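These are the residues of each chain, in order.
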Amino acid sequence: MAPLRSPLARVFTVLLAGLLAGLVLAVAALPGNLLLGIATRSAFGAYDALPDVLRTPVTPQRSYLYANDGKTLITTFYDVNRTDVPLADIAPVMRQAIVAAEDRRFYSHGGADLRGLVRALVANVKGGGTEQGGSTLTMQYVRNVLKTDPSRTAEERQAATDQTVGRKLQEIRYATQLENSLSKDEILNRYLNIAYFGSGAYGVAAASQRYFGKEPSQLTLAESALLAGLVQSPEAYSPIDGDKDAALARRAYVLDSMVETGAITAAQAAEAKAEKLDLHPTAQPNGCTAVAQGHDDWGYFCDYLRRWWLTQPAFGSTVEEREQALRRGGYTVVTSLDPQVQATAQKQATEVYGYGNKRALPIAAVEPGTGRVLAMAVNRHYSLAANPSGQENYPNTVNPLISGGGGVDGYQAGSTFKLFTMLAALESGRTLSTGFDAPAKLPTRYPAEGEGTCDGHWCPANANPEWMDGYRMMWDGFGRSVNTYFVWLAEQVGQDKVVEMAQRLGITFRADADAEFARNDAADWGSFTLGVAATTPLDLANAYATVASEGMYCTPLPVVSVKNAKGETVPVSDPSCKRVLDTDVARAATDAARCPVGQQSAYGQCNGGTATSVTQILDGRPVAGKTGSSEENATETFVGYTPQVAVAGIAANPDDPTDSVGSAVQAKVIDAVARVIATAVDGMPEKGFTAPSRELAGDPRRPVERPPARQDGRPADDRRPSDDRSLLERWFDRRG
């Protein structure tokens, strides 16, 4: 209860004293509450309508984010550190203490206590000590609700605390009406949940955590008396931010008051007074940079969830409203973050590159069939802390290195994009046994100059001709990552079909140059199949998860459940999935994707892979995947998946694309991703892949397909782009 202050309080008390003193003398024989009712009705007419906010208060509460076990706290969001709890979850001594400290006649008055009010008025007029307000718990509750109601203007909220006769009488009217609508226990519960206890803690739940690090149901007598004593002057009495001696003196006052109300005995009060002040202050985390201690890697997932939240209409019609809902709405969010998978991903990312390394290994894990994001890790601290000179984004950064956005376009993922070419080809009616005599270099129709050209045209080459050249089908072309096979295949299908396939599976072109090429030059984007477009581990993992779920694309989802402050489920946690691939097409792609990881396709056509260690790490569990190396090994990528999880990792320098990570790190990236998969499927039943139809597999024995060739070695369907410059030159120009 905030004491009234001079000089406004003097004016108020004199006026109201004059009004009520006459009423007291005139009807002194009447019961106090009846007198007050008659006085207010006579002087001011009928009661104002009780505002809905007093019946159903809209008070700000913090929102909680938990891991997918529903118990591990990630962080909280709040403008006001407050959480409602039912009365049954508040220690009885705490309830008794607040009544004794603030309103001893709470259970006998009807909302406004005439005796207490007149006593306070007389004391204030006489002066000579601390001024008294005479407000009951019910009146204080009314004031607290009105001054925090988000639906009111700032001026209206300010008016709820103005020291005027009109405001005080309105408060009395509302309090008496409220007593006719709610039980005493309900009013007490609401008061305990809204009162300010100092040190940023609103409500008894926040206060018990802030001062003692415990739930309000666990409060002792001494602790309850101390908290109850804070309400009158929270900042002055707070033992954390104010005067500890004053807090103890106030505690003693509350204990004596509890004796007078009969709540405790004098002996119990004496024992509680003798207790030393035993504080265990805890700071409630607020936001993604304040995640649980020792888990700053969770901040990247937290940031992704917050970005997702701000796109959801269920939380408001504007971004501002959704932000306010997160910080004031009292939501309980069970996220999809799996602490064990996250721990493994973080361990692997930091073992490949340390926190102080300019290069990074962002890793993302996604659940096929739901899109739920299980882990997001990178060898960076999610922190706003300063970095050493010359290290702009490491070891600390809050940039979304794993999910992209906010200025992060992503990284080239190399040959992992060959998946989209294979899917487009299978969808067009071609079979897994589509054969081509892949040369060491393949002249294309795209004009180019300089190194790596053939007769003035772009001429991609195989990285290891002795192992890659020769007759290839989709199985071994994918397993051995044969560039010339897939560039040829993309030309047969149509580059625009390959680009569209990637977009269909969730690849987002965040770089302006990539987006422009996709819009205007997709049919001429010959190098797209080699992974020159920037992507992120999250997009890539989810694209491969679409194939793992046999063609069902699910929008990435960071939550398992969301409940509002009333415990009602908010309908935002169900997976948003749609079929984007024919089931058999997806199965066929997976059959070929068994080859890179050293497993065998259902048709026995795998004969070599670039990531054969994966099978050993997973103890032979069915798995598929693909490696990717961008030009000059600027980045190294691996994506792996089982029917239960898809994981992608991309080694890159986020600040300098020209800094090549080198081929030596590829084996480490493969190992890291495989171990994350192993953790994710640990304890799950082994689940195999379904073989594609014989129709889509085709006949591996049929003759090799060779497109008609011209004398210059280029395909007969050669079409020159209208621009005389190289397609690659134009692409690099657009990327700046």
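Reading the values: rules and limits
Residues numbered from 1 in each chain as written. Predicted model: local features only at pLDDT ≥ 70, side-chain atom pairs only at ≥ 80, totals over all residues. Heavy atoms only, no water. Pairing = 2+ DSSP bridges. Helix = DSSP H or I, 4+ residues; strand = E, 2+ residues; numbered from the N terminus. Axes fitted to C-alpha atoms, helices over the stretch in contact; angles between N-to-C directions. Salt bridge = Lys/Arg side-chain N within 4 Å of Asp/Glu carboxyl O. Buried < 20%, exposed > 50% of the residue type's maximum accessible area, 1.4 Å probe, protein only. 1 Å grid on protein atoms, 1.4 Å probe; cavity = no way out; pocket = protein on both sides within 12 Å on 5 of 7 lines; lining within 4 Å. Points joined across faces, edges and corners; volume = space filled by probe spheres on them. Nonpolar A, V, L, I, M, F, W, Y, C, P; charged D, E, K, R; others polar. Core = buried A, V, L, I, M, F, W, Y, C linked by side-chain atoms within 4.5 Å. Contact = heavy atoms within 4.5 Å. Disulfide = S-S within 2.5 Å. Parallel < 35°, antiparallel > 145°, perpendicular 65-115°, else oblique. Left-handed = near helix turned anticlockwise from the far one by under 90°.

## Quick look at the sheet that holds strand β6 (residues 363–366)
Taken in spatial order, the 5 strands make up an open sheet running β7-β6-β21-β20-β19, and their pairing is antiparallel. In this open sheet, the two strands that pair with only one neighbour each are β7 (373–377) and β19 (624–629). Each adjacent strand pair in this sheet contributes to an overall mean axis angle of 5 degrees, direction not counted. Bridge count between β6 and β7: 4 bridges; the pairing is antiparallel. Looking at the pairing, Val-366 lines up with Val-373 of β7.

## Section: the pattern of salt bridges
If you walk through the whole model with that rule in mind, you get 24 salt bridges. Among the ionic pairs, Arg-190 bridges to Glu-186, the shortest N-O distance being 2.9 Å. In this pair, Arg-190 and Glu-186 both sit in helix α9 (residues 184–194), 4 residues apart, roughly one turn of the helix. Notably, a salt bridge pairs Arg-472 with Asp-476, separated by 3.1 Å at the nearest N-O pair. Of the residues examined, Arg-472 reaches a relative accessible area of 8% and is grouped as buried. Taken together, the salt bridges that share partners define one network made up of Asp-79, Arg-327 and Arg-328.

## Points about the layout of surface pockets
The gaps left among the atoms become clear once a water-sized probe is rolled over them. By volume, the second largest pocket amounts to about 700 Å³. Forming the boundary of the second largest pocket are 29 residues, of which Pro-57, Val-58, Thr-59, Gln-61 and Ala-565 lie nearest the centre. Those elements giving two or more residues to the lining of the second largest pocket turn out to be α9 and α16 (319–328). For the lining of the second largest pocket, the element with the most residues is α9, which contributes 5 residues. Of the residues in the lining of the second largest pocket, the class split is 12 nonpolar, 8 polar and 9 charged.

## A few points about the nonpolar core
Counting residues in hydrophobic clusters, the biggest one holds 111 residues, and the most contacted among them are Trp-309 and Phe-420. If we ignore the near neighbours within four places in the chain, the residues touching Phe-420 are Val-498, Met-501, Ala-502, Leu-505, Ile-507 and Ala-543. Membership of the second largest hydrophobic core comes to 61 residues, among which are Val-145, Leu-146, Ala-228 and Ile-264.

## Considering the sheet that holds strand β2 (residues 73–77)
Spatially, 4 strands are ordered β2-β1-β5-β17 in an open sheet, and the strand pairing comes out mixed. Strands with a single pairing partner mark the edges of an open sheet, and in this sheet they are β2 and β17 (559–563). Strand after strand, the sheet turns through a mean of 15 degrees between neighbouring axes, direction not considered. Examined bridge by bridge, strand β1 (residues 63–66) and strand β5 (residues 332–335) share 3 bridges and lie parallel to one another. By the bridge assignment, Tyr-66 is partnered in β5 with Val-334.

## What about the pairing of strand β21 (residues 646–651)?
As a general feature of sheets, a regular strand has side chains that alternate between the two faces. Across the 6 residues of β21, 6 count as buried, placing the element largely inside the fold. Side chains Ala-646, Ala-648 and Ile-650 of β21 all project onto a buried face; the interleaved residues Val-647, Gly-649 and Ala-651 project onto the opposite face, where all are buried too. Sheet topology places β6 next to β21; 4 bridges connect them, and they run antiparallel. Across the sheet, Val-366 pairs through a bridge with Ala-646, a residue of β21. Relative to β21, strand β20 (residues 636–641) is paired through 6 bridges, and the arrangement is antiparallel. Across the sheet, the residue bridging to Gly-640 is Val-647, located in β21. The antiparallel pairing of β20 with β21 creates a hairpin that spans 4 residues between the two strands.

## Let's talk about the state of the cysteines
Each disulfide is one covalent bond, formed between the sulfur atoms of two cysteines. Under the definition given, this model contains 4 disulfides. There is a disulfide in this structure between Cys-554 and Cys-577, and the S-S distance comes to 2.1 Å. Residues Cys-554 and Cys-577 are joined by a disulfide whose S-S torsion is about 110 degrees; by sign, that bridge is right-handed. In this pair, Cys-554 sits in strand β16 (residues 552–554) while Cys-577 sits in strand β18 (residues 577–579), placing the two residues 23 residues apart along the sequence. Covalently, Cys-595 is tied to Cys-606 through a disulfide, its sulfur atoms 2.0 Å apart. Around the S-S axis, the bridge from Cys-595 to Cys-606 shows a dihedral of about -75 degrees and counts as left-handed. Remark: Cys-606 occurs in the loop between α25 (583–593) and α26 (613–617) and Cys-595 occurs in the loop between α25 and α26; sequence separation between them is 11 residues. Overall, the relative accessible area of 1% leaves Cys-595 in the buried class.

## What about the packing of helix α11 (residues 221–230) against helix α13 (residues 244–261)?
It is the contact of α11 with α13, at a shortest axis distance of 8 Å, that shows an interaxial angle of 110 degrees. Taken together, the axes of α11 and α13 are roughly perpendicular relative to one another. Between α11 and α13, the contacting residues are Leu-221, Ala-222, Ala-225, Leu-226, Ala-228 and Gly-229 on the first element and Ala-247, Arg-250, Arg-251, Val-254, Leu-255 and Met-258 on the second.

## Topic: the packing of helix α4 (residues 92–102) against α11
Put simply, α4 and α11 touch, their axes get as near as 8 Å, and they point 40 degrees apart. Judged by the sense of rotation from one axis to the other, the crossing of α4 with α11 is right-handed. The residues of α11 that touch α4, namely those facing Val-93, Met-94, Ala-97, Ile-98, Ala-101 and Glu-102, are Leu-221, Ser-224, Ala-225, Leu-227 and Ala-228. Residues belonging to the contact of α4 with α11 are distributed by class as follows: 9 nonpolar, 1 polar and 1 charged.

## A short note on the pairing of β1
Burial along β1 is two-sided: the residues Ser-63 and Leu-65 and Tyr-64 and Tyr-66 are all buried. Relative to β2, β1 runs antiparallel, the two sharing 4 bridges. Bridge pairing in β2 links Tyr-66 to Leu-73.

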